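In case you want the letters, here they are:
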Amino acid sequence: MPESEDERNRAIVDAMRLTLAEAVGRLAPDIEPALHYSPVAGSELAEESEDDQ
Amino acid sequence: MTVREIGKMLRSGQASCVEIVQEALRRIQERDRYRTFITLMAREALEEAAKRDKELASGIDRGPFHGVPIAHKDLFYTKGVRTTAGSLLFKDFIPEYDAMVVDKLRAGGAVSLGKLNQHELAYGTTSKNPHFGFVLNPRDLERVPGGSSGGSGAAVAAGFVPMALGTDTGGSIRIPASYCGVAGLKPTYGRVSRYGVLPLAFSLDHVGPLGETVEDCALAMAEIAGPDSRDPTSSQVPVPNFCGEAPARLDGLRIGVPTNFYFDHVAGDVSASVYNAIEAMRRLGAGTVEVRVPDMLELNAAHQIVQGTEASSLYVSQRNGSQIGLDVWRLLEQGRLISGPDYVNAQRLRTVYRRQFDALWQSVDVLATPTTPIVAPRLEQDEVETNGYRESSRMAATRLVRAVNLLGEPALSLPCGRSVDGLPVGLQLVGKPFSDARLLGIGRTVERHLL
């Protein structure tokens, strides 16, 4: 039976996810705990709210 | 003709800007069987050229691009001119402002001839556009020009313009540069503003030039590089001089030659041309260092996950593919299947590999690799086989270029030889972040000795 479009797409994505999961497993000790992203980076509002306290 | 050659003609009085533009338009109208343009702006270009002539006559010279015809991939916003991204989704989209890079090139005196064909939504490597026509490779009309900036590569290769702008999310400047036999630079992430550029994947998209020569790319970078307050990802790192003298020799340069990944499953005539270019660099005084690069298969998988998620997030409201080509629709569907944890982990892996590459840059100055493992495939060729290794033409095209988008390093592709069929082969030089000017200088030296 021919593979459906959905099955084909899922197989492609599963292959990527497997490679990624292996990398995460192998590199786990080195992986940063979180993305380098601060929601208040560069915001002057952060300073103002500190003053309010 | 290169940017410098056109400039000499203008300043020596051999031709006017209007005559140069008229001649470019005539060539396009007579010979554009490659379907490079979606919108040709003949009237506007001639009006602009007339203004540039008046300026030169009154002693105003805007610099190297003064009066030089160029063109833009059709995803750069152009005020009052339709900007389609090669898609029916944007067939009636007329921007109300210019992209920062469009604005900068016009301020530098360049004359835009129009908007170039591309792979639909910049999401593919063939530029077989189902809505605006398949772009053909001027080196062999039965082959693809690469993509997604296929119209840019083809327009430069056909000699219509000496420089065209493109974008690169997973190789979309370097692949057409390789397949069409022209130069192309993916700059460092943040080096060039993306304000007014239709995105594909916001953390991977780069704007850059494709040129007849590496010098044409360097001249373009001098115009378009720099910070932009309207693009929060643009860098504040000072802009270097892109147009200094190219070094006569490469003494002291440390070229990293990968012993893993980059020369695996590469066509014999492609790797022979690349090794020949590396040998030419050694003769110019450079040293070679064999290096083992981080796991590029994992990097490529992380790239696919980031690109797939970010691209699908843009088109999340498209619930059916009736207006989108099947290949692009499939990729958008695949992106919707990627989970949140996978996307976050792919982003986290970027920092790990960033550190690994930073360590690599301690021992080498550039990496030299093939740009693509194959030469331009035939139009009907969906799969390729290299030394017994079968893969889709898309995966082959992106295999050696996409990881660099995840890391942000600058990467230059320049022609370095011919295959047994006489098709161009691309050499990729990758440098550490913000070494764009040095990379272009090395590329100019290599180009001079390979031509």
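Just so it is clear, the model here is predicted, and its values are computed rather than measured.

## Describing the overall build of chain B
Reasoning step 1: Across its full length, chain B carries 14 helices and 15 strands.
Reasoning step 2: Scaling as 2.2 N^0.38, a compact globule of 451 residues should have a C-alpha radius of gyration of about 22 Å, and chain B matches this with 20 Å.
Reasoning step 3: Principal axes of the C-alpha set define a box for chain B whose edges measure 55 × 55 × 45 Å.
Reasoning step 4: Out of the 451 residues in chain B, the part that is buried amounts to 64%.
Reasoning step 5: For chain B, the proportion of contacts with a sequence separation of at least 24, taken over those separated by at least 6, is 76%.
Reasoning step 6: Summed over its atoms, the accessible surface of chain B is roughly 15900 Å², and 51% of this surface lies on carbon and sulfur atoms.
Reasoning step 7: For chain B, the centre of its 50 positive side-chain charges and the centre of its 50 negative side-chain charges are spaced 2 Å apart.

## Details of the packing of helix α1 (residues 5–27) of chain A against helix α10 (residues 326–336) of chain B
Reasoning step 1: For the pair α1(A) and α10(B), the least separation of the axes is 9 Å and the interaxial angle reads 60°. It follows that α1(A) is oblique to α10(B) by the angle criterion. Crossing hand, α1(A) versus α10(B): right-handed. Along the contact surface, α1(A) presents A:Glu5, A:Arg8, A:Asn9, A:Ile12, A:Val13 and A:Met16, while α10(B) presents B:Leu326, B:Arg330, B:Glu333 and B:Gln334.
Reasoning step 2: Of the residues contributing to the contact of α1(A) with α10(B), the split by class is 4 nonpolar, 2 polar and 4 charged.

## Brief notes about the domain arrangement of chain B
All names here are of chain B.
Reasoning step 1: The domains assigned to chain B are domain 1 (3–224) and domain 2 (254–409).
Reasoning step 2: With centres defined by C-alpha atoms, the gap from domain 1 to domain 2 works out at 24 Å.
Reasoning step 3: Regarding the contact of domain 1 and domain 2, the summed buried area is about 3200 Å², with carbon and sulfur atoms giving 58% of it.
Reasoning step 4: Of all residues in domain 1, the largest losses of buried area upon contact with domain 2 belong to Tyr 123, Arg 143 and Tyr 179, amounting jointly to 22% of the total for that side.
Reasoning step 5: With its nearest N and O atoms 3.3 Å apart, the salt bridge here joins Glu 142 to Arg 378.
Reasoning step 6: Where domain 1 packs against domain 2, one counts 19 residue pairs in polar contact (both at pLDDT 80 or more).
Reasoning step 7: It is helix α6 (residues 174–180) that contributes the most residues to the side of domain 1 that touches domain 2, 4 residues altogether.

## Digging into the sheet that holds strand β9 (residues 254–258) of chain B
Residues and elements named next belong to chain B.
Reasoning step 1: An order of β1-β3-β2-β6-β8-β7-β14-β15-β11-β9-β10 is seen for the 11 strands of this open sheet, with the pairing classed as mixed. Each edge of the open sheet is held by one strand with a lone partner, namely β1 (37–40) and β10 (287–291). Here the average twist between neighbouring strands, direction ignored, is 30°.
Reasoning step 2: Of the strand pairs in this sheet, strand β14 (residues 411–418) and strand β15 (residues 424–431) are connected by 7 bridges, and their pairing is antiparallel. Counted as the bridge partner of Gly 417 is Val 425 from β15.

## Considerations on the nonpolar core
Soluble globular proteins tend to bury their nonpolar side chains together.
Residue and element names in this part refer to chain B.
Reasoning step 1: Core analysis: the biggest nonpolar cluster contains 147 residues, and Phe 65, Phe 76, Leu 113, Met 281, Leu 427 and Leu 440 have the highest contact counts within it.
Reasoning step 2: When residues are assigned to domains, this core turns out to be shared by domain 1 (3–224) and domain 2 (254–409), each giving three or more.
Reasoning step 3: When near neighbours in sequence (up to four residues on either side) are disregarded, Leu 440 contacts Leu 185, Val 214, Cys 217, Ala 218, Met 221, Phe 242 and Leu 412.

## Observations concerning helix α5 (residues 150–157) of chain B
All names here are of chain B.
Reasoning step 1: For α5, the buried fraction is high: 8 of the 8 residues fall into the buried class.
Reasoning step 2: The complete set of buried residues in α5 reads Gly 150, Gly 151, Ser 152, Gly 153, Ala 154, Ala 155, Val 156 and Ala 157.
Reasoning step 3: Lining the buried residues of α5 we find β2 (69–73), β3 (111–116), β6 (163–168), α6 and β8 (206–211).
Reasoning step 4: Directly after α5, the chain includes Gly 159, whose backbone phi takes a positive value near 80°.

## Here we look at the interface of chain A and chain B
Reasoning step 1: Between chain A and chain B, the contact holds 20 residues from the first and 26 residues from the second.
Reasoning step 2: Roughly 2100 Å² is buried in total at the junction of chain A and chain B, and carbon and sulfur atoms are behind 65% of that figure.
Reasoning step 3: For the interface between chain A and chain B, the tally reads 3 salt bridges.
Reasoning step 4: For A:Glu5, the salt bridge identified is with B:Arg330, shortest N-O distance 2.6 Å.
Reasoning step 5: Inspection of the chain A/chain B interface yields 4 residue pairs in polar contact (both at pLDDT 80 or more).
Reasoning step 6: For the side of chain A that touches chain B, the residue count by class is 10 nonpolar, 3 polar and 7 charged.

## Let's talk about the pattern of salt bridges
Reasoning step 1: Counted by the stated rule, this structure contains 34 salt bridges over all chains.
Reasoning step 2: B:Asp342 is the salt-bridge partner of A:Arg17, the closest N and O atoms lying 2.4 Å from each other. With A:Arg17 in helix α1 and B:Asp342 in helix α11 (residues 340–360), this pair bridges two chains.
Reasoning step 3: On the accessibility criterion, A:Arg17 (31% relative accessible area) is partly exposed.

## Focus: the pairing of β6(B)
Residues and elements named next belong to chain B.
Reasoning step 1: Of all the 6 residues making up β6, 6 are buried; the element is thus mostly covered by neighbouring parts of the structure.
Reasoning step 2: Both faces of β6 are covered, namely the face carrying Met 163, Leu 165 and Thr 167 and the face carrying Ala 164, Gly 166 and Asp 168.
Reasoning step 3: Sheet topology places β2 next to β6; 2 bridges connect them, and they run parallel. Counted as the bridge partner of His 72 is Leu 165 from β6.
Reasoning step 4: Where β6 and β8 come together, 6 bridges link them in antiparallel fashion. Its bridge partner being in β8, Ala 164 is matched across the sheet by Leu 210.

## So, helix α8 (residues 268–283) of chain B
Residues and elements named next belong to chain B.
Reasoning step 1: Along its 16 residues, α8 runs 22 Å from first to last C-alpha, staying within 8% of the 22 Å computed at 1.5 Å per residue.
Reasoning step 2: For α8, the set of buried residues is Val 270, Ser 271, Ser 273, Val 274, Ala 277, Ile 278, Ala 280 and Met 281.
Reasoning step 3: Tucked inside the fold, the buried residues of α8 contact β9, β10, β11 (366–370), β14, β15 and α14 (436–450).
Reasoning step 4: Looking one or two residues past α8, Gly 285 carries a phi angle of roughly 110°, positive in sign.

## So, the packing of aromatic side chains
Residue and element names in this part refer to chain B.
Reasoning step 1: Summed over all chains, the structure comprises 8 aromatic pairs over all chains.
Reasoning step 2: Between Tyr 97 and Tyr 195, the ring centres sit 5.1 Å apart and the planes meet at 25°, which makes this aromatic pair stacked. Here the residue Tyr 97 occupies a position in the loop between β2 and α4 (100–107), and Tyr 195 occupies one in the loop between β7 (183–186) and β8, the gap between them amounting to 98 residues.
Reasoning step 3: According to the relative accessible area criterion, Tyr 97 is partly exposed, its value standing at 32%.
Reasoning step 4: Judged by centre distance (6.4 Å) and plane angle (55°), the ring pair of Phe 357 and Trp 361 falls under tilted. For the pair formed by Phe 357 and Trp 361, the shared burial category is buried.

Criteria and cut-off values
Residues numbered from 1 in each chain as written. Chains lettered and ligands numbered in written order. Predicted model: local features only at pLDDT ≥ 70, side-chain atom pairs only at ≥ 80, totals over all residues. Heavy atoms only, no water. Helix = DSSP H or I, 4+ residues; strand = E, 2+ residues; numbered from the N terminus. Rg over C-alpha atoms; globule rule 2.2 N^0.38 Å. Buried < 20%, exposed > 50% of the residue type's maximum accessible area, 1.4 Å probe, protein only. Contact = heavy atoms within 4.5 Å. Areas by Shrake-Rupley, 256 points an atom, 1.4 Å probe, with all protein chains shown as cover. Lys, Arg positive; Asp, Glu negative; His and termini not counted. Charge placed at Lys NZ, Arg CZ, Asp CG, Glu CD. Axes fitted to C-alpha atoms, helices over the stretch in contact; angles between N-to-C directions. Parallel < 35°, antiparallel > 145°, perpendicular 65-115°, else oblique. Left-handed = near helix turned anticlockwise from the far one by under 90°. Nonpolar A, V, L, I, M, F, W, Y, C, P; charged D, E, K, R; others polar. Domains from an automatic or database assignment. Buried area = accessible area lost by both parts, 1.4 Å probe. Salt bridge = Lys/Arg side-chain N within 4 Å of Asp/Glu carboxyl O. Polar contact = N/O pair within 3.5 Å; in protein donor to acceptor, adjacent residues only side chain to side chain. Pairing = 2+ DSSP bridges. Core = buried A, V, L, I, M, F, W, Y, C linked by side-chain atoms within 4.5 Å. Expected span 1.5 Å × (residues − 1). Phe/Tyr/Trp six-rings, centres within 6.5 Å; stacked < 30°, edge-to-face > 60°.

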